[in-house]
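The lines below spell out each chain.
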Amino acid sequence: MLRTLIRSLFPGLMHRIENESRGWMMQCRKCGHETSVWDYGGMRYGGLGPVYRLGRCRECHRVSMLRVYKRDDFASR
Ligand SMILES: [Zn+2]
């Protein structure tokens, strides 16, 4: 898995990516369920504005465009 590879090669970088990914949320447009990009199993680093990506919601299990956005209360480090 990509995360494991990065963590073994660049432990410092992985820590930064994890922090960054936890600051990004994915929201299902059908049921409103939110999860962090990190918890979803993704990684996001150095992103800009909100984006949409196709994914399956873990709550309602429907495939929809998940809104990916940065948490307001999350200070980028
Ligand atoms: Zn949903």
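Residues numbered from 1 in each chain as written. Predicted model: local features only at pLDDT ≥ 70, side-chain atom pairs only at ≥ 80, totals over all residues. Heavy atoms only, no water.

**Student:** Just to check I follow, could you spell out the overall build of the protein chain for this structure?
**Tutor:** Per the secondary structure count, the protein chain includes three helices and four strands. From first element to last, N terminus to C terminus, the protein chain shows the α and β order α-α-β-β-α-β-β. In terms of its C-alpha atoms, the protein chain occupies a principal-axis envelope of roughly 40 × 25 × 15 Å. Among the 77 residues that make up the protein chain, the fraction classed as buried is 32%. Within the protein chain, contacts between residues separated by at least 24 positions form 50% of all contacts whose residues are at least 6 apart in sequence. Charged side chains in the protein chain number 15 positive and 7 negative. The centres of these two groups are separated by 7 Å. (Helix = DSSP H or I, 4+ residues; strand = E, 2+ residues; numbered from the N terminus. Buried < 20%, exposed > 50% of the residue type's maximum accessible area, 1.4 Å probe, protein only. Contact = heavy atoms within 4.5 Å. Lys, Arg positive; Asp, Glu negative; His and termini not counted. Charge placed at Lys NZ, Arg CZ, Asp CG, Glu CD.)

**Student:** Is there a simple way to explain the environment of E59 in this structure?
**Tutor:** With respect to the element layout, E59 can be found in the loop between β3 (51-56) and β4 (63-70). For the pair E59 and T35, spaced 24 residues apart in sequence, the C-alpha separation works out to 9.6 Å.

**Student:** What exactly am I supposed to notice about the coordination of the zinc ion here?
**Tutor:** Reference values for angles at a metal are 109.5 degrees in the four-donor tetrahedral case and 90 or 180 degrees in the six-donor octahedral case. Looking at the metal site, the zinc ion is ligated by C28 (SG), C31 (SG), C57 (SG) and C60 (SG), spaced 2.3 to 2.4 Å from it. Angles of 105 to 115° at the metal separate the four donor atoms of the zinc ion, which places the site in the tetrahedral class. In the primary sequence, the donor residues of the zinc ion line up as C-x2-C-x25-C-x2-C. Of this pair, C28 sits in strand β1 (residues 24-28) while C57 sits in the loop between β3 and β4, and the two are 29 residues apart along the sequence. According to the relative accessible area criterion, C28 is buried, its value standing at 2%. In this structure C57 comes out as buried when scored by relative accessible area, which is 3%. (Donors = N, O, S within 2.8 Å, 3.2 Å for Na, K, Ca; no water. Tetrahedral: all angles 85-135°; square planar, octahedral: opposite > 155°, others 65-115°.)

**Student:** I keep staring at the nonpolar core and nothing clicks. Help me out?
**Tutor:** With seven residues, the main nonpolar core is built from W24, M26, C28, V37, C57, L66 and V68. Ranked by the residues each element gives to this core, the list is headed by β1, at three residues. Sequence-distant contacts of V37, that is, excluding residues within four places in its chain, are made with S21, W24, M25, M26, G42, M43, R44 and V68. (Core = buried A, V, L, I, M, F, W, Y, C linked by side-chain atoms within 4.5 Å.)

**Student:** Just to check I follow, could you spell out the pairing of β3 for this structure?
**Tutor:** Strand residues, when the strand is regular, have side chains that alternate between the two faces of the sheet. Relative to β4, β3 runs antiparallel, the two sharing six bridges. Paired with R56 across the strands is V63, a residue of β4. The hairpin turn running from β3 into β4, its antiparallel successor, is six residues long, and H61 in that turn takes a positive phi close to 60°. (Pairing = 2+ DSSP bridges.)

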